[in-house]
Every structure is written in structure tokens, then in C-alpha cells.
Amino acid sequence: MNSQQFSAPHLGEIPSPKGFWSRDLVSVRDLAPPEVEAVLELAGLMKARPADFRGALAGKQLVMFFEKPSLRTRLTFETGMASLGGVSFFVDQTQSPLGAREKLSDVAHNLERWVDIIVLRTFGHATVEHMAEHANIPVVNALSDLEHPCQALADYFTLQEKFGDLKNVQLAYVGDGNNVAHSLLLACALLGSRIRLATPVGYGPDPQILADAQEIGQETGATVELFDDPSEAVRGVDAVYTDTWVSMGQEKESEQRIKIFAPYQVNEELMSQAAAHAVFMHCLPAYRGKEVTGGVIDSSRSVVFDQAESRLHVQKAILLLLLGGGIGRFPVRSAHA
Ligand code: CP
Ligand code: NVA
């Protein structure tokens, strides 16, 4: 089945003229505000009526190269692609980085002859950027040291399910100003939502990403606030989010980071300062007793498995938007690229 033959119900409700969707998803910045909303809306439709989308990507092939381990990202891409009728291939790249055996541009020009989409998990963000630059097929960032776009889009889908209009939702991210924090900042900005970040001195977000989020926020009405003190940041918020203090590749800094981040632990005391209805969020994997206590992550306030489920629905929407299936592929990057 090709993209012309497939026509899912409801897709006409999603604005999707040619040129609407940027070709790659390297950064959340590759999307314009209506595109982020379209991803969340399509994900909602696909979650509600999965059977309507069976076969939407029949004949399409995805390849994943992962330089780091994964449970959620790998399996949600694989199961998502399978549920749409497509096929995926996984290449374990944990033993040698992409581009070590042969030039990245040569890899790109091979892949574009065989498959329809490339999904990369890398250390260097530049690896994803270079693959996107050279490959004549869509490239999706499945986590780099700088960003984790699929995660943040799934997290805002989860928040929308819980609270409705994202413009009224206030999220506090507590901990390391890392890849997940960066993508949350940008997604928040594009969606016109409200985010607070509490990070230790020296572990704040990338200044360029912060500046971009603030600039986008001026157009969308999003608010971005920075704090040193986690208690101030979480006061009255709807959701408290944290991530590991030691991201993949930072294991050598583990001892030092655990000391520095200790005051940023999300525990029962910190959660008690958020709104009474506040939920706890984490991208997972989580380290109980470090960035979060078992009492919080295993409580009824925790939505971490809803977030994990959302990865599936949101990535299916991303795949469908990038690969066609009635909406088509759009070769032009957005203004935020
Ligand atoms: N949250 C997330 O990306 O999980 P994995 O590392 O297991 O893919
Ligand atoms: N910040 C974490 C996210 C894991 C999904 C890491 O990069 O390891």
C-alpha cells in the first residue's frame, strides 16, 4: 500500500498541506507550533482507534542505530511500526560509534537506497544532524546528548490527557538541565505552556536552547522560569518531573553528581509543595533513592507508565506524518529548523 491508497478517517481534521511538516525530527525546534499540536492530535486519534491505522505504513521500512541502551524507545518504535504494517530493523551500535567504520555520509547514502526512515540514538547531537543533512529520507532523533524530542512530545501528550488545555498547565522540572529538560523546554515553548526549571548551579540548560525557548515563548505565550531552589519551583505546580542525575555516558561523573544533585531529589516533602492534584513524571529509567524516592514514583500520583505508553502513540503519529499514509512527506524544514 502506498500513501495515495491509504486514507484513514479523521485525518482531514489535521492541518497537513504540503510543506507543513519538516522532513526530519532532529530537534523539537524542527517543528512549528501547529505541527506540535498536529502530532498530539493525531496521536490521540491513533490511540483511540488503532485499528483504523493498521496498514497505514505497509511496505515502509525503518532502521534504528542505537549507540546507547534502550527499552522504551526501541520497543515503541518497533511495536509502533509493526502496528502500522511497516517493518523495522535494529542495529546495535553500542560497541562502536556511528561513523567510526565509514563516513557518516556514506552510511546515509546507503540507507536512503534501502529504507524509508532512519531513527538514531547517539552520544553527539551532531551525528543526528549530519545524518539528517546527508540522508535523503527522514531522520528522527531517538535521544542524543542534547535532546530527546520523542520523549518530550509524549510527555506533553500525557499532560494534555491529564489536564486538557496545555496553556494552563504548569510543569516543574527538577534536576539536571539535560537532553530531556531541553526537549521539554522547547515543547513547552511551542505549545504555549508553562515550565519552571530548578537545577544546581553549573547544571542548567544549554543557553542557546533556553534562549530559543524564551524567543518562541514570546510568540506562543509560553512562560519559562528558572530557579535554584526546587521548593520554590514546585510550589503550586500541576506536575513535577525529574530525570536521572547521571545520563548515559556520564557514568564517570556519578559520585560527584550524586552529591551535587542530592538537594534536588523529588521526595514526598517536595511533592507536598506542588498542587494537591499534581502528578509525578519521569522519562525512565528511574533510580529510586537518587533523583526520586520509591514513595513518590510508586505512588498514585505517578504517571510514569502513562508517559511510557504515550511514547507509542506519539511515535506512531510521528512516523505516519513523516512517511505519508495519507498525509504525505514534506521536504521543507520549518522556520524553527
Ligand atoms: N525514556 C527512554 O527513552 O527510555 P529508554 O532509554 O529505555 O529508551
Ligand atoms: N537523560 C537520560 C534520559 C534517558 C531516557 C539519558 O540521556 O541517559
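Conventions adopted
Residues numbered from 1 in each chain as written. Chains lettered and ligands numbered in written order. Predicted model: local features only at pLDDT ≥ 70, side-chain atom pairs only at ≥ 80, totals over all residues. Heavy atoms only, no water. Pairing = 2+ DSSP bridges. Helix = DSSP H or I, 4+ residues; strand = E, 2+ residues; numbered from the N terminus. Axes fitted to C-alpha atoms, helices over the stretch in contact; angles between N-to-C directions. Contact = heavy atoms within 4.5 Å. Near = heavy atom within 4 Å. Polar contact = N/O pair within 3.5 Å; in protein donor to acceptor, adjacent residues only side chain to side chain. Nonpolar A, V, L, I, M, F, W, Y, C, P; charged D, E, K, R; others polar. Salt bridge = Lys/Arg side-chain N within 4 Å of Asp/Glu carboxyl O. Buried < 20%, exposed > 50% of the residue type's maximum accessible area, 1.4 Å probe, protein only. Areas by Shrake-Rupley, 256 points an atom, 1.4 Å probe, with all protein chains shown as cover. Core = buried A, V, L, I, M, F, W, Y, C linked by side-chain atoms within 4.5 Å.

**As for the sheet that holds strand β2 (residues 87-92)**
Point 1. Read across the sheet, four strands follow the order β2-β1-β3-β4 without closing on themselves; strand pairing throughout is parallel. Edge positions in the sheet fall to β2 and β4 (139-141), since each of these pairs with one other strand and no more. Here the average twist between neighbouring strands, direction ignored, is 20°.
Point 2. Sitting on the sheet, helix α2 (residues 72-83) is in contact with β1 (61-66), β2, β3 (117-121) and β4, with an inclination near 175° to β1.

**A word on the site of ligand 2**
Point 1. Every residue near ligand 2 is listed here: Leu143, Asn178, Asn179, Val180, Asp243, Thr244, Ser247, Met248 and Leu284.
Point 2. At 2.6 Å, a side-chain N or O of Asp243 approaches a nitrogen atom of ligand 2.
Point 3. Here the shell around ligand 2 is built from residues that sort into four nonpolar, four polar and one charged.

**Regarding the side chain of Arg196**
Point 1. With respect to the helices and strands, Arg196 occurs in strand β6 (residues 194-198).
Point 2. Here Glu225 takes part through its side chain, which lies 3.3 Å from a polar atom of the side chain of Arg196.
Point 3. The contact partners of Arg196, leaving out residues within four places of it in the chain, are Gln170, Leu171, Ala172, Tyr173, Glu225, Phe227, Glu232, Ala233, Arg235 and Val237.

**Looking at the pattern of salt bridges**
If charged atoms from side chains of opposite charge come close, those side chains can pair.
Point 1. By the definition in use, this model includes 14 salt bridges.
Point 2. The shortest N-O distance in the salt bridge between Lys47 and Glu161 comes to 2.7 Å. You can see Lys47 sitting in helix α1 (residues 33-48) and its partner Glu161 sitting in helix α5 (residues 149-163), a full 114 residues away along the chain.
Point 3. The partly exposed category is assigned to Lys47, whose relative accessible area is 29%.
Point 4. Several salt bridges share partner residues, and in doing so they unite Arg29, Glu147 and Asp212 into one network.

**Observations regarding the site of ligand 1**
Point 1. Taken together, the neighbourhood of ligand 1 is formed by Ser70, Leu71, Arg72, Thr73, Arg121, His148, Gln151, Cys283, Leu284 and Arg311.
Point 2. The contact in question runs from an oxygen atom of ligand 1 to an N or O atom on the side chain of Thr73, over 2.6 Å.
Point 3. Interatomic distance of 3.1 Å between a side-chain N/O atom of Arg311 and an oxygen atom of ligand 1.
Point 4. Protein contacts shield 95% of the accessible area of ligand 1, which totals 250 Å² for the unbound molecule.

**Concerning the nonpolar core**
Point 1. Within the largest apolar cluster, 65 residues are counted, with the highest numbers of intra-cluster contacts made by Phe77, Tyr156, Leu171, Leu184 and Ile195.
Point 2. The greatest single-element share of this core, amounting to ten residues, is contributed by helix α6 (residues 179-191).
Point 3. In contact with Tyr156, other than residues within four places in its own chain, are Leu40, Leu166, Leu171, Leu184, Ala187, Cys188, Leu191, Ser193 and Ile195.
Point 4. Listed in part, the 22 residues of the second largest apolar core include Val266, Ala275, Ala286 and Val296.

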